[in-house]
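Analysis of the macromolecular model
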Amino acid sequence: MKSLTPVITIDGPCGVGKSVLSKQIAKKLHWFVLDSGIFYRTFALIALKYDIPMLEHELLKIFSLDLYYWCMEDQYNLIKLYKKNVPNIISEKTISYVSSKIAIFPKVRKELLTTQRIFKKKPGLIANGRDMGTVVFPKANLKLFLDGNLIVRAQRRFCELRKKGIQVNFNSLKLEMYQRDIQDIKRSISPLIPAKDAIMIDSTNMSFEEVFNISLKYIKINKILLSPI
Ligand code: DC
């Protein structure tokens, strides 16, 4: 049976535009949004900042509890905390790398399951990540898997960084993205794979507007909303 509070999941590789798409859909529907990568990034941030071995079970519990309270108080606190700290302490590139390494550990993923599910609130939730449709919200009302050619994704990311004034080498950026995808795809627990009932969207030759509109079309077709959009 589908759950009463509707959930739409958007999974896919890095740099494919899941976060922006989730935010825009959530804005349109006035729903909540969960950007699950933020949890792994925050774990990475804490581990790097305090030089903590990530497999310490007790520490993981404390972290997860902390994250839980941050979410209960205000779900955007976590994102604020992350954004405030990253530019000053550790580069985004290092965090991305370490977060994908940390995401391999079953203990980390187990601790985060409950925390992520708290975000499911009425009127509905758009959740994005790698395992939203397969593990965290397996009964989601609609599952989208957003994919795209690596070179195109890297080009988009490259332009974004340039606009922010961050200088990067295109080939090393592409390589980093490739390595992170491989790591996320090949891990044994909650790998990056489409759920069996996911709808595949290949964004390679599509503008953001096209991806957004096609996603709304699937939401309408699946009759997820009570009122028309
Ligand atoms: O979505 P992101 O780029 O912020 O995610 C950073 C890393 O966190 C990603 O490379 C793998 C991990 N991650 C995960 O394993 N499962 C998720 N649902 C979200 C992120």
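See the structure printed just above.
Residues numbered from 1 in each chain as written. Predicted model: local features only at pLDDT ≥ 70, side-chain atom pairs only at ≥ 80, totals over all residues. Heavy atoms only, no water.

**Observations regarding the pattern of salt bridges**
Two side chains with opposite charge may pair up if their charged atoms get near one another. If you walk through the whole model with that rule in mind, you get seven salt bridges. In this structure, Arg130 engages Asp184 in a salt bridge whose closest nitrogen and oxygen atoms are separated by 3.3 Å. Remark: Asp184 occurs in helix H9 (residues 170-186) and Arg130 occurs in the loop between strand E3 (125-129) and helix H7 (132-136); sequence separation between them is 54 residues. Classification of Arg130 by relative accessible area gives buried; the value is 15%. For Asp184, a relative accessible area of 3% puts it in the buried group. One salt bridge in this structure joins Asp184 and Arg187, with 3.3 Å as the shortest N-O distance. Ionic contacts of the salt-bridge type, sharing partners, join the residues Arg130, Asp184 and Arg187 into one network. (Salt bridge = Lys/Arg side-chain N within 4 Å of Asp/Glu carboxyl O. Helix = DSSP H or I, 4+ residues; strand = E, 2+ residues; numbered from the N terminus. Buried < 20%, exposed > 50% of the residue type's maximum accessible area, 1.4 Å probe, protein only.)

**Here's the deal with the environment of Ile38**
By the element assignment, Ile38 lies in helix H2 (residues 37-50). Each C-alpha atom, one on Ile38 and one on Ser99, is 9.1 Å from the other, the two residues being 61 residues apart in sequence.

**Re the site of the ligand**
Near the ligand lie 15 residues; those nearest to it are Arg41, Arg109, Asp131, Arg180 and Asp184. With respect to the ligand, the side chain of Ser36 contributes an N or O atom lying 2.9 Å from a nitrogen atom. In this structure, an oxygen atom belonging to the ligand sits 2.9 Å away from a side-chain N or O atom of Arg130. Surface burial for the ligand is 94%, taken as the share of its 440 Å² of free accessible area covered by protein chains. Contributing elements (two or more residues each) for the shell around the ligand: H2, helix H5 (92-102) and H9. Element by element, the count of residues in the shell around the ligand is highest for H2, at three residues. Considered class by class, the residues forming the shell around the ligand number three nonpolar, five polar and seven charged. (Near = heavy atom within 4 Å. Polar contact = N/O pair within 3.5 Å; in protein donor to acceptor, adjacent residues only side chain to side chain. Areas by Shrake-Rupley, 256 points an atom, 1.4 Å probe, with all protein chains shown as cover. Nonpolar A, V, L, I, M, F, W, Y, C, P; charged D, E, K, R; others polar.)

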